[in-house]
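For reference, the chains in residue letters:
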Amino acid sequence: MQTEVINMEGEKMKACAALTSGVLRHTAEFFHGNNFTQLMPVILSPITDPLGPDPGSSVIKTGEIEYLGSKLQITQSMILHKQIAVSMGIGKLFIISPNVRLEHPRRRESGRHLFEFSQVDFEIAHAKSEDVFLLMESYLVSLFSYVSKEHATELALLGRELPAIAGPFPKYTTHELASKYGDDWEIAASLDSTGPFWALCHRREFYDKEDPHEPGHYLNYDLLYPEGFGEALSGAEREHDYGIIMRKIGRDRLDKSRYLPYLSLAEKGLTPSAGGGFGVERLVRFLAGADHVGDVQLFRRVPGEEILV
Ligand code: ASN
């Protein structure tokens, strides 16, 4: 006979661990089923995603270690490696990629920031935005049906009813969203929505492609969860023109010497591609209906919180 008292918080943690495991399993099956090659993650490299410049970013510094006389950066995202891998001939790839982003402690309150998390990062040679929209819509719809079936017990324990979703998801430009909800539109627009939606056209890093026919407009996108959960994915059609990449790196006042291996490949020619990445923990938070993204991590990595293990 079972004598110990059931610890509800412990039960919730176990339910989140089971949901995470289900998400990883379904994700691998989905991407393999669509003929993607799964790559190993890179954790240390002379190059990493600059994550900006972005006035909304609160990353206080890039993690770095010195090893045998080389300065290696801790991966903030594998975007540059994805472009290189596609150019090496791996036409469809995905990675479950650990990312370290040393966020300011004020991000503790946002409910959606971690300083260490994993993203499912994918890239497709010669793809366009529309290919990514269709892929992600079919991924999320299939994931919802998988989780509802295989993890009904966990959802019930967490008191979570998943919203019904069906593609295609609505698309809005950031200009439309800002004029409706103000510059800080992310959470307001997400609260106002009953299903996931796309936000198009963000002015951001040099590797996202600017529309050659409409300068000042960008061929990139975020996917947002409804119910106030906010950003799920960011991605883009990629800039592959060496001259434009160099001009944008100058525009962003980035130190070219930190991108040399990438730039010398870009000079020889990068393969055009499109892709994106979505955070595993944010996805599990949404599925679980959790208050804070740290609540779904077994080993919490919340900026500003004490790190126990
Ligand atoms: N994974 C994103 C992308 O593919 C980049 C990022 O995480 N900053 O565009």
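Residues numbered from 1 in each chain as written. Predicted model: local features only at pLDDT ≥ 70, side-chain atom pairs only at ≥ 80, totals over all residues. Heavy atoms only, no water.

Description of the sheet that holds strand 11 (residues 220–225)
Here comes step 1: Reading across the sheet, the eight strands line up as 1-6-8-13-12-11-10-9 and stay open at both edges, with mixed pairing between neighbours. The open sheet terminates on both sides in strands that have one partner only, identified here as strand 1 (37–38) and strand 9 (171–173).
Here comes step 2: The sheet contacts of helix 1 (residues 8–33) involve strand 1, strand 6 (92–100), strand 8 (116–125) and strand 13 (273–279), and relative to strand 6 the element is tilted by about 150 degrees.
Here comes step 3: The strands touched by helix 2 (residues 79–87) within the sheet are strand 6, strand 8 and strand 13, with strand 8 carrying the most contacts at an inclination of about 30 degrees. (Pairing = 2+ DSSP bridges. Helix = DSSP H or I, 4+ residues; strand = E, 2+ residues; numbered from the N terminus. Contact = heavy atoms within 4.5 Å. Axes fitted to C-alpha atoms, helices over the stretch in contact; angles between N-to-C directions.)

Quick look at a nonpolar patch on the surface
Here comes step 1: There is a patch of nonpolar side chains on the surface, built from Ile 43, Leu 44, Ile 65, Tyr 67 and Leu 68 and spanning about 510 Å² of accessible area.
Here comes step 2: Its place among the elements puts Ile 43 in the loop between strand 1 and strand 2 (44–45). (Patch = residues over 30% accessible without salt bridge, like charges linked within 9 Å, V, L, I, M, F, W, Y side chains within 5 Å. Areas by Shrake-Rupley, 256 points an atom, 1.4 Å probe, with all protein chains shown as cover. Salt bridge = Lys/Arg side-chain N within 4 Å of Asp/Glu carboxyl O.)

Concerning the pairing of strand 4 (residues 64–67)
Here comes step 1: Relative to strand 5 (residues 70–74), strand 4 runs antiparallel, the two being bridged by four bridges. Residue pairing in the sheet places Tyr 67 in a bridge with Ser 70 of strand 5.
Here comes step 2: Counted between consecutive antiparallel strands, the loop separating strand 4 from strand 5 contains two residues, among which Leu 68 sits at a positive phi close to 50 degrees.

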